[in-house]
Amino acid sequence: MTDFRADVFQNEYLPDGGDVVDAVVTVTASGGDGTVAAAAAGQERVEVIVIDCSGSMNEDGGAKIRAARQATMTAIDTLSDGTLFAVVAGVDGAYALYPQQAGSVERASAQTKAQAKEVVSQVRAKGGTAIGTWLLAAGGIFNSVPNSINHCILLTDGKNQSESDRALNTAISQCVGLFQCDARGLGTDWNIDELRRISTALLGTVDIIPSPDQMEAEFRALTEAAMGKEVGDVALRLWTPQGSNLEFVKQVAPNIDDLTPKGVPVKALTNDYPLGAWSGDESRDYHVRIRIPVGSVGEERLGARVMLVIDGVEQPSALVRAIWTDDEVLSTRINREVAHYTGQAELADVIADGLAARQAGDGDTATMKLGRAVQLAHEAGNGDTVKLLEKVVDVEDPATGTVRLKRQVEDADAMALDVRSTRTVRVNKQ
Amino acid sequence: MAMACPNCGEVAVDGAQWCEACGADLDGTAETALSTASSSPCISCAAPSTDIAADGYCGHCGAKQPDPRDHLEVDLGWLVMVTDRGKRHHQNEDFGAVVAVDGNSALVVCDGVSSTDNPEQASAVATEAAIAVLEQALRGSDADLQQADLQQAMSAAIGAAQEAALTVPTKPGGKGSPSCTFVASVARASDDGITATIGWLGDSRAYWIDEAGQATQLTSDHSWANEQVRAGAMTSEQAAADRRAHTITRWLGDDADGLEAELVDSQFGNGWLLLCTDGLWNYAPDDASMTTQIAAHRGDTLLTTAQNLVNFALESGGHDNTTVAIADHTLVAETPVAETPVAEPAVPVPASTPTSTDEAVVTSENETEPVDEKRDLS
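Residues numbered from 1 in each chain as written. Chains lettered and ligands numbered in written order. Predicted model: local features only at pLDDT ≥ 70, side-chain atom pairs only at ≥ 80, totals over all residues. Heavy atoms only, no water.

> Sorry if this is basic, but what is going on with the sheet that holds strand β13 (residues 262–268) of chain B here?
Sheets are built from strands paired through backbone hydrogen bonds, the pairs being either parallel or antiparallel. Residue and element names in this part refer to chain B. Strand order in the open sheet formed by 5 strands is β5-β6-β8-β9-β13, and the pairing between neighbours is antiparallel. Only two strands of the sheet have a single partner each, and these edge strands are β5 (94–101) and β13. When the angles between neighbouring strand axes are averaged without regard to direction, this sheet yields 10 degrees. One ladder, built from 7 bridges, connects strand β9 (residues 193–201) with β13; its direction is antiparallel. (Pairing = 2+ DSSP bridges. Helix = DSSP H or I, 4+ residues; strand = E, 2+ residues; numbered from the N terminus. Axes fitted to C-alpha atoms, helices over the stretch in contact; angles between N-to-C directions.)

> Could you clarify how one ought to interpret the sheet that holds strand β3 (residues 20–30) of chain A in this entry?
All names here are of chain A. A sheet is described by the order of its strands in space; here 5 strands give the open sequence β1-β3-β16-β12-β13, paired in antiparallel fashion. Because the sheet does not close on itself, it has two edges, and the strands there are β1 (3–9) and β13 (257–258). Bridge count between strand β12 (residues 245–253) and β13: 2 bridges; the pairing is antiparallel. By the bridge assignment, Lys250 is partnered in β13 with Asp258. Across the sheet, helix α8 (residues 336–359) lies against β1, β3, β12 and β16 (282–291), angled at about 90 degrees from β3, the strand it touches most. (Contact = heavy atoms within 4.5 Å.)

> Honestly, the interface of chain B and chain A in this entry has me stumped. Any pointers?
Often the size quoted for an interface is simply the accessible area lost on bringing the parts together. Listed as interface residues are 14 residues of chain B and, on the opposing side, 12 residues of chain A. Together, the buried faces of chain B and chain A total about 1,000 Å²; carbon and sulfur atoms form 48% of this surface. Viewed at the interface, chain A and chain B are joined by 1 salt bridge. With a shortest N-O distance of 2.8 Å, Arg305(A) and Asp55(B) are connected by a salt bridge. Across the chain B-chain A interface, the total number found is 8 residue pairs in polar contact (both at pLDDT 80 or more). Looking at the side of chain B that touches chain A residue by residue, the classes come out as 6 nonpolar, 6 polar and 2 charged. (Buried area = accessible area lost by both parts, 1.4 Å probe. Salt bridge = Lys/Arg side-chain N within 4 Å of Asp/Glu carboxyl O. Polar contact = N/O pair within 3.5 Å; in protein donor to acceptor, adjacent residues only side chain to side chain. Nonpolar A, V, L, I, M, F, W, Y, C, P; charged D, E, K, R; others polar.)

> Explain helix α2 (residues 147–166) of chain B to me, please; I cannot follow it from the model alone.
Count 3.6 residues to each turn of an α-helix, and residues three or four apart come out pointing the same way. Over its 20 residues, α2(B) extends 29 Å from the first C-alpha to the last, a length consistent with the 28 Å expected when each residue adds 1.5 Å. The complete set of buried residues in α2(B) reads Gln147(B), Leu150(B), Ala153(B), Met154(B), Ala157(B), Ile158(B), Ala161(B), Gln162(B), Ala164(B) and Ala165(B). (Expected span 1.5 Å × (residues − 1). Buried < 20%, exposed > 50% of the residue type's maximum accessible area, 1.4 Å probe, protein only.)

> I keep staring at the nonpolar core and nothing clicks. Help me out?
Generally speaking, soluble globular proteins have nonpolar side chains that are buried together. Residues and elements named next belong to chain A. Counting 51 residues, the largest nonpolar core has Val48, Leu135, Phe179 and Ile198 as its most contacted members. Two domains share this core, each providing at least three of its residues, namely domain 2 (44–227) and domain 3 (337–420). Discounting chain neighbours no more than four positions away, the residues touching Ile198 are Ile131, Leu135, Leu168, Ile172 and Cys181. (Core = buried A, V, L, I, M, F, W, Y, C linked by side-chain atoms within 4.5 Å. Domains from an automatic or database assignment.)

> Before we go on, may I ask you to explain the packing of helix α1 (residues 119–140) of chain B against α2(B) in this structure?
Packed helices, taken two at a time, are described by the angle their axes make and the gap between the axes. All names here are of chain B. Packing of α1 against α2 brings their axes to within 7 Å, and their N-to-C directions diverge by 150 degrees. With respect to α2, the element α1 is oriented roughly antiparallel. In the packing of α1 onto α2, the handedness of the crossing is right-handed. Contacts between α1 and α2 pair Val125, Ala126, Ala129, Ala130, Val133, Leu134 and Ala137 from the former with Ala153, Met154, Ala156, Ala157, Ala160, Ala161, Ala164 and Ala165 from the latter. (Parallel < 35°, antiparallel > 145°, perpendicular 65-115°, else oblique. Left-handed = near helix turned anticlockwise from the far one by under 90°.)

> Is there a simple way to think about the pairing of strand β6 (residues 94–98) of chain A in this case?
Two faces make up the sheet, and in a regular strand the side chains alternate between them. All names here are of chain A. Alignment of strand β5 (residues 84–90) against β6, held across 4 bridges, turns out to be antiparallel. In the sheet register, Ala89 faces β6, and the bridge partner there is Tyr95. Hairpin connection from β5 to β6: 3 residues lie between these consecutive antiparallel strands.

Such coordinate-based values are descriptive only and should not be taken to indicate function.
Right, dumping it as C-alpha cells:
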C-alpha cells in the first residue's frame, strides 16, 4: 500500500503590507515495494512503445534502426508479465507492429513477448516523420483499456516533417490526461521544442540519446521505471482564498515543470494540478506562489490548503500560512527550500537564454548568461549541470561565473545541456 | 466537576461526558483531535460558521478564527481557573481544570511542551483525565479522606493523565511524542485545617498562600536550572541565565517512561492553593516576588485576582501561555455551609524546602523567548 504525504516548507511571516506567499511542497510516496508490478486492484498497466521507422533511421549503415530494434526488444523483455502492451512503428503515419490489429493490446507473457520481438526484429525503416499521428495511434491503444496506468516511450531521430506543427499540437492536446509519455531524441537531427512540448503536456520527460549504442540502456531504464509506477493518477489540489491569485505552481524537483496552465477547477476556489503516475517510493517538490489580500499585523490567514488526490480520493491537507508581523527578524527570514528552488529556476532560465543567445550569434549575452549558470549550478551543487556547461564553456572561476564560450561545441553537447537544463538538485537535508 | 470544554470552552456540568454546547467528548479517553470548530461567522469576511474548517480557517477568505482556548475561565466562586495564550505564542498549549466537592478541592494544570507534536491536545486530555480521577476520589469517599487516600488519588490521577497523553497522535515526520507538564493538588478541609497532596512533573508549580498572604512554593521544578541548583552546581541566578534554564527534565507523554512524578503531602491552616504555569512564575520566580505580585493583584473576587495575575503576566511581556488555578479554602469557610470557624493561622508545612532570594526579579528586555523544551533522553 502506497502512502502519500505533503509537507510544506515556507516562512509564514510577512511584513506589514506583504502579499506574496512562497512555499515549497514536498510530496512523498512511500510504502510501495517500488520495483514490481503492484498496481492497485483492478487497474491494468499499459505500455506502448513507438519507434521511429523513418528513412533516416537507415543512416550510419543502418546502425540506428538496428539499435532501435535491439532497444525495443530489451524493453519488451523488461515488461512485467501481465502488462498490456503494444509496439507501434512511426513514419508518415503510425502502423501497428504488435499486436497486428491497430488500437489493441496484448498481455505480456513469455510467448507474446517472443512473438513481439520476432516482429520487431524484422522492422525496416522507410518513410517520413509525422509524430502527431504516432501519438494519436498510441492514444487509440490506451483508450481500448479502461482505468489503466498508461505509459508510452516515444523515439524519434528527426524533426516532425511530414505533418504541420498544428497537427502535432492538436494530437498532443487530445492525449493530455490519457497517458504519460517519455520522449527521446536519437542523435542531433530532432527538434528539442517538439519533444519538450510532448513530454511537458503528457507529464513525462525529454532527453537526448546521443548515439545508437546508448539506446538499449535507456529503453531498459524507461521501461523499468514505468513498471515501478504503482499509483496511476495523482493530483495536487490547491485551495486558495477568495481574492487571491495563484501566481504559479511549478514542479521544481526532480525537474522544473510549470503546472500553472494545467490547473483544472474542481470546486469554488479549488484547482487540481495533475502529477501523473507515481511509484511507491518517490518524492517530488513543488514551488507555489500565491498573492493574497493583505492582512493587518498580527493576523493569520491561510495562503493555500494543499491536498493530494490519489485515484480520485482526497487526502488530508497541509497548510500554507501567512502571518503578518512587524518583527523584521521573522519576516525577513528566508526559507531555505524556497530560496534553493528560486535559484534552480533561475539556473534553468539562464541556460535557456544563454543557449538561445549563442545560437543567435550574440556571444556577449551567451557568455554572461552561461557564466551566471555556472555560478548558480556551482553554488547549488548541481554537479551534473556543471559538467554539461563545461562542454559548452571554458570555466575560469565557477564562484564568480567567469567563463569563455568554447569555439568548438558538439551539437549533441549543446542539445544535452538544453534538454537537461530543467533538471534540479534537491536541498541538502541537514 | 467543573471543567472547560476543550473544544468550545463551555463549562461542563458535573460528570458530563459530552459538552452540551458543542457535543465534544469530555471523558478524556477519546482519541479525537481537539478542533477549534466555532459556531460564529468568520471574523474577517462574515462567512457562515459552516464555511469554517475544523482547523479554524475560513473556507472563503482563509482568515484564522480565534481559538476558544486563547482565553478560558472557570469560576466556581472559591475555585477559579484562568488560562491565556499570551502575546508571543500562536496557540494556548496550557490547560487547567478545577473541581469542588463539599469544601474539598482539586486543581489540575498542564503545560504542553512546544517542542513536541500536538502539545495542546496532550495538556487538555491529561488535565481532563486527572481531574476526573481526583473528582471521583473526593466524591466517592463519604467519610474522612486520610493523607494516604489523597496520595493514592493523586498517583491514580497522574497515571490516568499519562495514559491520556499517550492517546494523542503524533504528526507524520513530526517533532516528537505529545508531551506536557503536570501539576495537581487534591485537598481535604477539616476542622484541623487543610490536608493536601501535590503531584507534579516538570516546571508547572503549586503554591500555598497563607492567610497573611505569604506565598510558599510547594513544588520543586523539574527543570535544567533547578537541577543544577539542587545539585549545587550553580547558583539560581547562574542557572536561570543559562539558555537551557527552561528545559524540563520530567513530563507526561510517550517518551516519559521512567520519569516519575514527585508527590508532597502538606498540612496547612487556612489559605489558598495556587497552581500556575511558568507563564506566570517567570515574572515572579521566587516566593518573595510571588507574594508581592499576589498582594498587588488582589481583586474583589477570586476570579478577578486570577485574571489580574494573568494580566500581570501579559503586561510583563506575555512571552508564554499563562495559567492560574486557585482554590481559596478561606472562602468555603466563610460560607454558611461550613460552620467551622476559621482555624488559627498556622505555618504551612511544605515537604520540600523552598528556595528564596531577596528580591523580585523583573523581566529584562533581553530576555530570551521561553520555549518549552524537553531534555533529550537519547
